[in-house]
Amino acid sequence: MPFDNINNINQPRSNLFKLIVLAVLAFIVLIISAFVPFLGILGLSLISVPSIRLMLEGRKWESMICALVGSSLLYFVDWTLPLFFTVFVIGTAFIYLYCFNRNKSPFQIIIINSLWFICLIILYLFIASLTKQENLIVSFINNYRHVIDNFPDDPMIKQYMQLMAISETQFKALYEQSKNIFIMLPYLIPSLLLIYGFFGSLINYYWCVSIFKKRGIILKSIPLFRTWDLPWFYVSGIIIGLIFIIIPHFNPAYDFVFDAVGINFLIVFGLLYTTLGFSVLWGIFDRFNISLIYRVLTIIAISFFLILIIIIPVMGILDVWINFRKLERH
């Protein structure tokens, strides 16, 4: 279903003051949720909704004012953050307007928003590095590596070992086994940011669809979860990730880079096919008319068993060729 025409003479104009208040509240939610793991995505997905609403009404300057006033709260955290989030929110609003005028699909909007978020972070780090005359990424990785290298000698760790009656030999053995995993973690941030941006944009679109519908702006609905699908060639992301990981070791520096690239590919495309696998599972539930409570219990049960979690993305990959849900594909 295409976007409905919102430039109708009967379309009520939103109250600017109320939307500014909503923007301020959204940024407060962002600040609070930032201290709770994984909940920051809710605040991130909400902050652009008021500006998007004004932008779709053709009120561009008011949309910018709304973004500026809301993001100004972040000045008390860091003076550069208001500028970053103002640009982010305004850019997101213009993306919605662009996609609205060209009748783009929901997932096109979500993907464009995700890429905008990632590009803006890269630009922010680049400008901040030039301003401070140091590579912030390299500096962060070096400081992190220093912490990991000195982890066993940290006084708090030694107190914890005494409290838990863990010998130094036992701890060092465990530390040596886990050290490479901890060292790898910063290099997985690109894939995690991409996932964060995607799901933030997805939730943002859901916010816009549900909130705007009450005010007369009807956006395209996201397809039913059981019908979600991916083109067959996306499986190449999994293949590329596996190739980088299984490349024979020949140089420690290159081996680490190849492993990091491969794991990033597997995280992104593995999560995509995990989502697709649950979509396949939901379609099977629908076929057999399984009640909601049993669906939820089944998904919770799957989450407790590693082997079943591995089966879910495999189902998503196999569905490309087997077509468990009998979807019409071209």
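Calculation criteria
Residues numbered from 1 in each chain as written. Predicted model: local features only at pLDDT ≥ 70, side-chain atom pairs only at ≥ 80, totals over all residues. Heavy atoms only, no water. Helix = DSSP H or I, 4+ residues; strand = E, 2+ residues; numbered from the N terminus. Buried < 20%, exposed > 50% of the residue type's maximum accessible area, 1.4 Å probe, protein only. Contact = heavy atoms within 4.5 Å. Areas by Shrake-Rupley, 256 points an atom, 1.4 Å probe, with all protein chains shown as cover. Lys, Arg positive; Asp, Glu negative; His and termini not counted. Charge placed at Lys NZ, Arg CZ, Asp CG, Glu CD. 1 Å grid on protein atoms, 1.4 Å probe; cavity = no way out; pocket = protein on both sides within 12 Å on 5 of 7 lines; lining within 4 Å. Points joined across faces, edges and corners; volume = space filled by probe spheres on them. Nonpolar A, V, L, I, M, F, W, Y, C, P; charged D, E, K, R; others polar. Axes fitted to C-alpha atoms, helices over the stretch in contact; angles between N-to-C directions. Parallel < 35°, antiparallel > 145°, perpendicular 65-115°, else oblique. Salt bridge = Lys/Arg side-chain N within 4 Å of Asp/Glu carboxyl O. pLDDT = per-residue confidence, 0-100. Phe/Tyr/Trp six-rings, centres within 6.5 Å; stacked < 30°, edge-to-face > 60°.

## Topic: the overall build of the chain
Line of reasoning, step 1. Looking only at helices and strands, one finds 14 helices and zero strands in the chain.
Line of reasoning, step 2. In sequence order, the chain lays out its α and β elements as α-α-α-α-α-α-α-α-α-α-α-α-α-α.
Line of reasoning, step 3. Along the longest, intermediate and shortest principal axes, the C-alpha atoms of the chain span 75 × 55 × 40 Å.
Line of reasoning, step 4. Split into buried and exposed, the 330 residues of the chain put 38% on the buried side.
Line of reasoning, step 5. When contacts within the chain are restricted to residue pairs at least 6 apart in sequence, long-range pairs at least 24 apart make up 73% of them.
Line of reasoning, step 6. In the structure as shown, the chain presents an accessible area of about 20200 Å², 72% of it carried by carbon and sulfur atoms.
Line of reasoning, step 7. If the 22 positive side-chain charges of the chain are averaged to one point and the 16 negative ones to another, these points end up 15 Å apart.

## Some remarks on the layout of surface pockets
Line of reasoning, step 1. Of the voids in this model, the second largest pocket is the one considered here, and its volume is about 650 Å³.
Line of reasoning, step 2. Forming the walls of the second largest pocket are 22 residues, and the residues nearest its centre are Ile111, Phe198, Leu230, Tyr234 and Leu272.
Line of reasoning, step 3. Here the element with the most residues in the lining of the second largest pocket is helix α12 (residues 252-287); it accounts for six residues.
Line of reasoning, step 4. Its residues placed into classes, the lining of the second largest pocket shows 17 nonpolar, four polar and one charged.

## A few points about empty space enclosed by the protein
Line of reasoning, step 1. Inspection of every chain in the model, using the stated rule, returns one cavity of 30 Å³ or more.
Line of reasoning, step 2. Space inside the largest cavity adds up to approximately 100 Å³.
Line of reasoning, step 3. If you trace the largest cavity, you find it lined by Leu44, Ser45, Ser48, Phe88, Thr92, Asn113, Phe117, Gly197, Gly200, Ser201 and Asn204.
Line of reasoning, step 4. When contributions to the lining of the largest cavity are tallied by element, the ones reaching two or more residues are α2 (40-46), α5 (81-101), α6 (106-132) and α10 (189-213).
Line of reasoning, step 5. A total of four residues in the lining of the largest cavity trace back to one element, the largest contributor, which is α10.
Line of reasoning, step 6. Within the lining of the largest cavity, the residues separate by chemical class into three nonpolar, eight polar and no charged.

## Looking at the packing of α12 against helix α14 (residues 306-322)
Line of reasoning, step 1. Orientation of α12 relative to α14, taken along the N-to-C sense of each, is 80 degrees, at an axis distance of 6 Å. Looking at the two axes, α12 sits roughly perpendicular to α14. Of the residues in α14, those touching α12 at Gly270, Tyr273, Thr274, Leu276, Gly277, Phe278, Val280, Leu281 and Ile284 are Ile312, Pro313, Met315, Gly316, Ile317, Asp319 and Val320.
Line of reasoning, step 2. Its residues assigned to classes, the contact of α12 with α14 shows 11 nonpolar, four polar and one charged.

## A short note on the pattern of salt bridges
Line of reasoning, step 1. All told, the structure shown has nine salt bridges when counted by the stated rule.
Line of reasoning, step 2. The closest approach of N and O atoms between Asp286 and Arg295, which form a salt bridge, is 2.6 Å.
Line of reasoning, step 3. You can call Asp286 partly exposed: its relative accessible area is 25%.
Line of reasoning, step 4. Residue classification places Arg295 among the buried residues on the basis of a relative accessible area of 9%.
Line of reasoning, step 5. Where salt bridges share partners, they join Arg53, Glu57, Arg59 and Glu62 into one cluster.

## Quick look at the confidence of the model for the chain
Line of reasoning, step 1. Summing up the model confidence of the chain, the mean pLDDT is 86 and the portion of residues at 70 or higher is 95%.
Line of reasoning, step 2. The spread of mean pLDDT over the elements of the chain runs between helix α8 (residues 155-163), the lowest at 78, and helix α4 (residues 60-71), the highest at 94.
Line of reasoning, step 3. Contacts for the low-pLDDT stretch residues 1-10, under 50 throughout, to residues beyond four places or in other chains number 21 contacts.

## A few points about the packing of aromatic side chains
For any pair of aromatic rings, the description rests on two quantities: the centre-to-centre distance and the angle between the ring planes.
Line of reasoning, step 1. Counted by the stated rule, this structure contains 20 aromatic pairs.
Line of reasoning, step 2. For the ring pair Phe233 and Tyr234, a centre distance of 5.4 Å and an interplane angle of 35 degrees mean the geometry is tilted.
Line of reasoning, step 3. Residue Phe233 is classed as partly exposed on the basis of its relative accessible area of 43%.
Line of reasoning, step 4. Taken together, a centroid distance of 5.8 Å and an interplanar angle of 50 degrees make the contact between Phe244 and Phe258 tilted.

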